[in-house]
Amino acid sequence: RMAALAPNWRFSQLFGEKDSIEEVSEVDIVSAIEFDETGDFLAVGDRGGRVVVFEQDASDYKFYAEFQSHEPEFDYLKSLEIEEKINKIKWCKRTNDSHFLLTTNDKTIKLWKLNKKNIKQVSTPEDTGRLCFPSVTTTESTIVASSKKVFANAHAYHINSISLNSDGETYISADDLRINLWNVEISEQSFNIVDIKPENMEELSEVITSASFHPNHCNLFMYSSSKGSIKLNDTRQNALCDQYSKYFEEPEDPSTKSFFSEIISSISDCQFSGDGRYILSRDYLTLKIWDINMEREPVKTIKIHEHLRSKLCDLYESDFIFDKFECHLSADGSKVITGSYHNVFYCYDWQNDIVTTFEANKNYPTNKIKTIPFAQRNKDLNPETMDFNKKCLHMSYHPKQDLVAVGASNNLFLYEGIEAE
Amino acid sequence: MAEQGDTKVVQRIINELKHDDCQVRTLAMGQLTTIAAALGPERTKDELLSFLKDCVDDEDEVLEVLASQVGCLLEFIGGNEHAQILLINLESLLGAEQSKVREKAVESCKQIALVMTPEQIQEYFYPLLVRLNEATWYTPQLSLSALISTIYPHISDDKKSELRAFYNAISASPTPLVRRAASANLGSFVRVIEDEYIVSDIFPLLKSTAADDQDYVRFMAVETCIALCSKVSQEVAIEQILPFAKKLATDSAWRVRYMAANHFCDLSKGFGEATVQAEMVDIFVELLQDREGEVRSAAASQITAFCQLLSEDIIINTILPPISELANDKDEHVRASLAGDVMGLAPLLGKTKTLENLLDLFLKLLRDEFYEVRLSVISKLNGINQVVGIELLSDSLLPAITQLAEEKQWRVRLAIINFIPLLAKQLGVEFFDDKLSTLCLNWLVDSVHSIREAACKNIKELIEVFGVDWAKTSIMPKVLEFCDHPNYLFRGTTLLSASALSSVVGPEMIDSTLLPLVLRMVDDAVPNIRFKVAKTLQVMVKFADPAVTKNRIRPALETLLTDSDKDVRYYAQNAIKAIPPQAS
């Protein structure tokens, strides 16, 4: 059940290497997190191409399955390495006792099936001259992950999003310049529905940063760009959806214009709310909440870490300004979460102007959770001492409860919200 | 029963059903009928089928084969009175995750239903459908709608009303895929349901599918409309179905309009000429001018079919103007679709009207910059020729053909070569000699092998059209020149041509003209040429005079039998084996 008031948040669980070690193994760094539609299952992908799945048992999550989803590859034609890092995971709607999920790296999307399989012992019959059947005995059952489909060779650029349609059959995948429409059962063919590649690549000024289908309307999808715009498209209008139906972009505040304005306006992630009424978007310094029926301006803009605005030059030099933070909404849309540096992330109750700040620090996992009014946030954060190498980029909100899963380096943190007294 | 050796083979197949390698299991599964034949009906029923029940926990490729093989086992169970036993194996496959597995399972079920008596269907098949309907997960319901139509005609009235209730339930399912399956199979259900229930059961279903939120449910309604029109009277069709047909053809989703456009003729037929002219013509014109290219393309493919329902006046005054505009469409696929269909209007309008109204359009399409458009026009020239005679087009035809003949993409060149004999027949020998023979000769030395091969076949067909005498003077000398070419690929062309020509030139020419050239290459430096000689001689043996074969061809082949290259020896041996006894 969702709490009516801001819940009391507490640390729940920590997965991954628990000791503080100097060198974090690159392959263990969390790169994708996703709850399934019931919240009973949680999938976590890392830079090493692995996916670990947890299952909810009472209030805790327990290990369910693990598999190697992608391997590093080499593109011989372009002489480029293709990383095995999992960029996104999306769960398919349940059709039976098995689970299906889509995972993707930069170039290839895969459909995986997880199910309980009975391990069988087969004994071949003796040769008696009469035909007989091998006998089969079940020894034990285990969870098996099998690759069902591989959707390859459809993207010239790096895939940043995948999103399943409410029709239960199709999904889209987006790279920097194109969005393709697939049928989950057909891997040999996909249709291109958005193409923003200019005739002359020298004129390239904008890339796609995220795309997703509307949760209820099978014909609507949106995509965000590096220029800070969100376009809502209707697949019913045309086969090639280059024209949009709705356009969401907040014009720039001239008083804050700087050399970095365009870079920080790039939207790193955008999501529909569960009922499809709102769109949440994250750019470098802010979160914006749009009502889908009002293109003029967002209904709410939240400044995440305004104290970094004066440090943009340093952040540019160090490339941190290009970090892509994810954002999520709670099921009822009343709360939004997003991350920042120094392992800090925030949960905003945006209608009541209350924020909970968390520091996902494995040395003190239970402390460092504070719920305060908006205006008081970040007061004790000193940009000079912030560790910019520690960032909460990936997270997911449970679809039914106040429960949040956050990735911090090679750890997964779970926090639970308990109803306020 | 089978011999010892056979038993071993069958046992191996049985064991492979549980092999570790999925590929092996798939292949073994494809041989279930072999196993069943060896086991005999009793053991098949008792043991094989229970064993197979344990195999449903396997990969999709294996299950797909299993699903289709179960239907084939009908012959091996000791008579149709046992057919229901196969349903047990199919039940879980009907609810499989993969649509291909479900489809094969449905097909097998249909095969079984065909041989069952109504009593069997009522006792065994019907409960299966009840269980599918009550399943926890939705996938079994996807197969349900396909099977309802299959058994409906064979069961009692009270069960029929249950099935109608099932159909209503799945058509209102919260899962879009289930509604889609229901919508897709509604046409088949219409064909078996009694007339009295059309109004009470089917029309409401048509209404709900045509208004469904999901595009892919709505566009299935097009087919339902078509099925209904053939079932009800014209008055009822106009009153009840026409509104839906119109709605679908003007739907906001382009995919639905596309389905309507693609089936527009069938969709309109049922309403009668008067209504079509009053109501459907305008909609058709709208579809021809639709903002989505795919829809315009689909509409263009229906022009000839739809115009057969209309009067000449309407065609000329209402349909032709938008069609002429389509020839200028910015989307080349639309223009190609138009070109592939519009020529069919010529017979409808007759010679004079075609000349007046359509000729310019054809010429325009013939000069289109996109090769597929030009190719489509040329492929349909036959229809034009019957009505107006091709000479009118010949001025534009030649540049079009030449351009296509020189296209960079070799598959385009290949396509035009295949039309040459047809064109030659219609344009006559003078036109050909004058304009097209150079093209045909150039193709013989094209850089792509498939083109050279097709060019040789082309020459052969031209000889069939124009006769051997024509060939002797005009084309053959040039074709056979290549045998002295320094490039071995082109010497090979001569051999290809000789092969192709052998069947049409007659034994005399084979002996006088073709054979000497071929024999000259018996000692060619390149082994590829030498073994091609052997292959060519093998073909020539079929058409040459037996004496010639004995005296000239056989000795040459015997020389090749002692060649240093083993491929040459191999082909020479094949050729010798092919020599019939009377020529040895």
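Just so it is clear, the structure is predicted and the values come from calculations on it, not from any experiment. (Residues numbered from 1 in each chain as written. Chains lettered and ligands numbered in written order. Predicted model: local features only at pLDDT ≥ 70, side-chain atom pairs only at ≥ 80, totals over all residues. Heavy atoms only, no water.)

Undergrad: Let's hear about the overall build of chain B: which residues, and what values?
TA: On a plain count of helices and strands, chain B comes out with 37 helices and 0 strands. Computed over C-alpha atoms, the radius of gyration of chain B comes to 32 Å, more than 25% over the 25 Å expected from 2.2 N^0.38 for 584 residues, which places it beyond the range of a compact globule. With respect to the principal axes defined by its C-alpha atoms, chain B has extents near 85 × 80 × 35 Å. With 584 residues in all, chain B has 55% of them scored as buried. In chain B, the proportion of contacts linking residues at least 24 apart, taken out of those at least 6 apart, comes to 68%. Counting only carbon and sulfur atoms, one obtains 50% of the accessible surface of chain B, whose full area is about 24800 Å². Side chains of chain B give 58 positive and 81 negative charges; the mean places of these two sets differ by 5 Å. (Helix = DSSP H or I, 4+ residues; strand = E, 2+ residues; numbered from the N terminus. Rg over C-alpha atoms; globule rule 2.2 N^0.38 Å. Buried < 20%, exposed > 50% of the residue type's maximum accessible area, 1.4 Å probe, protein only. Contact = heavy atoms within 4.5 Å. Areas by Shrake-Rupley, 256 points an atom, 1.4 Å probe, with all protein chains shown as cover. Lys, Arg positive; Asp, Glu negative; His and termini not counted. Charge placed at Lys NZ, Arg CZ, Asp CG, Glu CD.)

Undergrad: How would you summarise the overall build of chain A if you had to cite specific residues and measurements?
TA: If you tally the helices and strands in chain A, you get 2 helices and 31 strands. A compact globule built from 421 residues would reach a C-alpha radius of gyration of about 22 Å, and chain A, at 23 Å, matches this within 12%. For chain A, the spread of C-alpha atoms along the principal axes amounts to about 90 × 55 × 40 Å. Classification of the 421 residues of chain A by burial places 55% in the buried group. Pairs at least 24 residues apart make up 52% of the contacts formed inside chain A by residues separated by at least 6 positions.

Undergrad: How would you sum up the packing of aromatic side chains? Please name residues and give values.
TA: Here the structure, examined in full by the defined rule, presents 44 aromatic pairs over all chains. Where Phe67 of chain A meets Trp112 of chain A, the ring centres are 4.5 Å apart and the plane angle is 40 degrees; that geometry is what we call tilted. Highlighted residues: Phe67 of chain A in strand β5 (residues 60–68) and Trp112 of chain A in strand β10 (residues 109–123), separated in sequence by 45 residues. With a centroid separation of 5.8 Å and 25 degrees between ring planes, the pair formed by Phe320 of chain A and Phe388 of chain A is classed as stacked. A residue pair is termed long-range when its members are at least 10 positions apart, and Phe320 of chain A in the loop between α2 (312–317) and β24 (327–329) and Phe388 of chain A in the loop between β28 (369–373) and β29 (395–397) qualify at 68 residues. Summarising the burial analysis for this pair, Phe320 of chain A and Phe388 of chain A share the class buried. Taking the ring centre of Phe51 of chain B as reference, the NZ or CZ of Lys18 of chain B above it sits at 5.9 Å. (Phe/Tyr/Trp six-rings, centres within 6.5 Å; stacked < 30°, edge-to-face > 60°. Lys NZ or Arg CZ within 6 Å of the ring centre and 35° of its normal.)

Undergrad: Break down the packing of helix α28 (residues 410–427) of chain B against helix α30 (residues 449–466) of chain B for me, citing the residues and quoting the values.
TA: Residue and element names in this part refer to chain B. Closest axis-to-axis distance for the α28/α30 pair is 9 Å, and the angle between their directions is 5 degrees. Here α28 is positioned roughly parallel relative to α30, judged by the angle of their axes. Two secondary-structure elements touch here, α28 through Trp410, Arg413, Leu414, Ile417, Ile420, Pro421, Ala424 and Lys425 and α30 through Ser450, Ile451, Ala454, Ala455, Asn458, Glu461, Leu462, Val465 and Phe466. By residue class, the composition of the contact of α28 with α30 is 12 nonpolar, 2 polar and 3 charged. (Axes fitted to C-alpha atoms, helices over the stretch in contact; angles between N-to-C directions. Parallel < 35°, antiparallel > 145°, perpendicular 65-115°, else oblique. Nonpolar A, V, L, I, M, F, W, Y, C, P; charged D, E, K, R; others polar.)

Undergrad: For the sheet that holds strand β13 (residues 170–174) of chain A, give the residues involved together with the corresponding values.
TA: Residues and elements named next belong to chain A. Taken together, the 4 strands give an open sheet; going across it, the order is β12-β13-β14-β15, and neighbouring strands pair in antiparallel fashion. The open sheet terminates on both sides in strands that have one partner only, identified here as β12 (161–164) and β15 (186–195). Put simply, the sheet's adjacent strands are angled 25 degrees from each other on average, direction ignored. Pairing analysis gives 5 bridges linking strand β14 (residues 178–183) to β15, with the strands arranged antiparallel. (Pairing = 2+ DSSP bridges.)

Undergrad: Tell me what's going on with the side chain of Arg530 of chain B, and back it up with residues and numbers.
TA: By the element assignment, Arg530 of chain B lies in helix α35 (residues 527–543). Within polar-contact distance, the side chain of Arg530 of chain B engages the backbone oxygen of Ala525 of chain B at 3.3 Å. (Polar contact = N/O pair within 3.5 Å; in protein donor to acceptor, adjacent residues only side chain to side chain.)

Undergrad: Could you give me a rundown of the sheet that holds strand β8 (residues 88–91) of chain A, with the residues and numbers involved?
TA: Working definition: the strands of a sheet are paired by backbone hydrogen bonds and lie parallel or antiparallel to each other. Residue and element names in this part refer to chain A. One open sheet holds the 4 strands; their spatial order is β8-β9-β10-β11, and the pairing between them is antiparallel. If you trace the sheet from one side to the other, it starts and ends with β8 and β11 (135–151), each paired once. The average undirected angle you get between the axes of adjacent strands in this sheet is 30 degrees. Looking at chain direction, β8 and strand β9 (residues 99–104) are connected through 4 bridges and run antiparallel. Each bridged residue has a counterpart across the sheet, and for Trp91 the counterpart in β9 is Leu101.

Undergrad: I'd like a description of a negative patch on the surface, backed by residues and values.
TA: Taken together, Asp157, Asp158, Glu162, Asp195 and Glu196 of chain B make up a surface patch of like negative charges. For the negative patch, the leading source of residues is helix α10 (residues 157–171) of chain B, giving 3 residues. (Patch = residues over 30% accessible without salt bridge, like charges linked within 9 Å, V, L, I, M, F, W, Y side chains within 5 Å. Salt bridge = Lys/Arg side-chain N within 4 Å of Asp/Glu carboxyl O.)

Undergrad: Tell me about the interface of chain B and chain A, residues and numbers included.
TA: Tallying the contact residues gives 38 residues for chain B and 37 residues for chain A. Each partner contributes to the roughly 3400 Å² buried at the junction of chain B and chain A, and carbon and sulfur atoms together form 45% of this total. For chain B, the biggest contributors to the area lost against chain A are Asp57, Glu97 and Trp137 of chain B; these three give 19% of the whole. Counting the contacts that link chain B with chain A gives 8 salt bridges. Between Lys148 of chain A and Glu59 of chain B there is a salt bridge whose closest N-O contact spans 3.6 Å. Scanning the region where chain B abuts chain A turns up 17 residue pairs in polar contact (both at pLDDT 80 or more). At the level of elements, α1 (4–16), α3 (32–39), α4 (41–53), α11 (176–192), α13 (215–218) and α16 (254–262) of chain B are the ones that each hand at least two residues to the side of chain B that touches chain A. Considering each element in turn, the side of chain B that touches chain A owes the most residues, 6 residues, to α1 of chain B. By residue class, the composition of the side of chain B that touches chain A is 13 nonpolar, 8 polar and 17 charged. (Buried area = accessible area lost by both parts, 1.4 Å probe.)

Undergrad: Break down the confidence of the model for chain B for me, citing the residues and quoting the values.
TA: Predicted confidence across chain B gives a mean pLDDT of 87, with 98% of residues reaching 70 or more. Overall fold confidence (pTM) sits at 0.83, and the ipTM for the predicted complex is 0.81. (pLDDT = per-residue confidence, 0-100.)

Undergrad: Break down helix α25 (residues 371–379) of chain B for me, citing the residues and quoting the values.
TA: Burial analysis of α25 of chain B places 7 of its 9 residues in the buried class, which makes it a mostly covered element. Considered for burial, the residues of α25 of chain B that qualify are Tyr371, Val373, Arg374, Leu375, Ser376, Val377 and Ile378 of chain B.

Undergrad: Can you lay out the packing of helix α19 (residues 293–300) of chain B against helix α22 (residues 332–342) of chain B for me, pointing to particular residues and giving the numbers?
TA: Residue and element names in this part refer to chain B. α22 packs onto α19 with a crossing angle of 5 degrees between their chain directions and a minimal axis gap of 8 Å. Between α19 and α22, the angle is such that the two are roughly parallel. Packed against α19, whose contacting residues are Gly293, Arg296, Ser297 and Ala300, the element α22 presents His333, Val334, Ser337, Leu338 and Asp341 at the interface. Across the contact of α19 with α22, the residue classes tally to 3 nonpolar, 4 polar and 2 charged.

Undergrad: I'd like a rundown of the pairing of β10 of chain A, residues and numbers included.
TA: Residues and elements named next belong to chain A. Bridging between β9 and β10 involves 6 bridges; their strand directions are antiparallel. When the bridges of β10 are listed, Thr103 appears paired with Lys110. Taking the residues that link successive antiparallel strands as the turn, the β9-β10 hairpin has 4 residues. Bridging between β10 and β11 involves 15 bridges; their strand directions are antiparallel. Counterpart to Val122 in the pairing with β11 is Val136.

Undergrad: Run through unusual backbone geometry, naming residues and quoting values.
TA: Residues and elements named next belong to chain A. Non-glycine residue Asp319 carries a positive phi angle of around 75 degrees. Along the chain, the position of Asp319 falls in the loop between α2 and β24. With a relative accessible area of 48%, Asp319 lands in the partly exposed category. Positive phi, close to 55 degrees, is recorded for Ser409, a residue that is not glycine. On the secondary structure map, Ser409 appears in the loop between β30 (403–408) and β31 (411–418).

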